Amino acid sequence: MTRGDPVVSPLAEPGFRQLYAAQVTALIGTGLSTVALALLAYDLAGGQAGRVLGTALALKMVAYVLVAPVVGGPAHRLPSFRPSSRCRTPAG
């Protein structure tokens with residue numbers, strides 16, 4: 001890249017823009033689910049909400065750390081598919 005080259009934004013690429021939007025949406029959903037879990041723990045356990053929430057979040061992390069690699073490892077052997085092709089309605 002020389003000094004005269006214009007700077008191109010990665011968001012100018014449609015594929016990257018869609019991937020970025022999906023990642024932001026997933027992060028917002030993860031944050032909202034954590035807040036919802038905290039509110040549910042408070043609603044169900046009242047004064048013991050900290051203990052309940054700590055246990056629930058620990059189990060969530062155990063699932064991320066232990067289950068994801070076990071399931072994700074062989075997942076690459078499964079046939080890939082386009083979700084949009086499986087979501088078509090008979091009328092469309």
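No experiment lies behind these values; they were computed from the predicted model shown.

Draft legend 1. The overall build of the chain, seen in detail. Scanning the chain from terminus to terminus reveals three helices and zero strands. N-terminal to C-terminal, the α/β element order of the chain is α-α-α. When each of the 92 residues of the chain is scored for burial, the buried share is 2%. On the chain, roughly 8,000 Å² of surface is accessible, and the fraction owed to carbon and sulfur atoms is 68%.

Draft legend 2. A look at a nonpolar patch on the surface. On the surface, Met61, Val62, Tyr64, Val65, Leu66, Val67, Val70 and Val71 cluster together into a nonpolar patch covering about 770 Å² of accessible area. Along the chain, Val65 falls in helix α2 (residues 49-75).

Draft legend 3. Looking closely at the packing of aromatic side chains. Using the criterion set out here, one finds one aromatic pair in the structure. Both rings, one in Phe16 and one in Tyr20, keep their centres 6.0 Å apart while their planes meet at 25 degrees; by these two values the pair is stacked. With Phe16 and Tyr20 both in helix α1 (residues 14-45) and four residues apart, the pair spans about one turn of that helix. Residue classification places Tyr20 among the partly exposed positions, given a relative accessible area of 46%.

Definitions and cut-offs
- Residues numbered from 1 in each chain as written.
- Predicted model: local features only at pLDDT ≥ 70, side-chain atom pairs only at ≥ 80, totals over all residues.
- Heavy atoms only, no water.
- Helix = DSSP H or I, 4+ residues; strand = E, 2+ residues; numbered from the N terminus.
- Buried < 20%, exposed > 50% of the residue type's maximum accessible area, 1.4 Å probe, protein only.
- Areas by Shrake-Rupley, 256 points an atom, 1.4 Å probe, with all protein chains shown as cover.
- Patch = residues over 30% accessible without salt bridge, like charges linked within 9 Å, V, L, I, M, F, W, Y side chains within 5 Å.
- Salt bridge = Lys/Arg side-chain N within 4 Å of Asp/Glu carboxyl O.
- Phe/Tyr/Trp six-rings, centres within 6.5 Å; stacked < 30°, edge-to-face > 60°.

The quantities given are spatial measurements derived from coordinates; they are silent on function.
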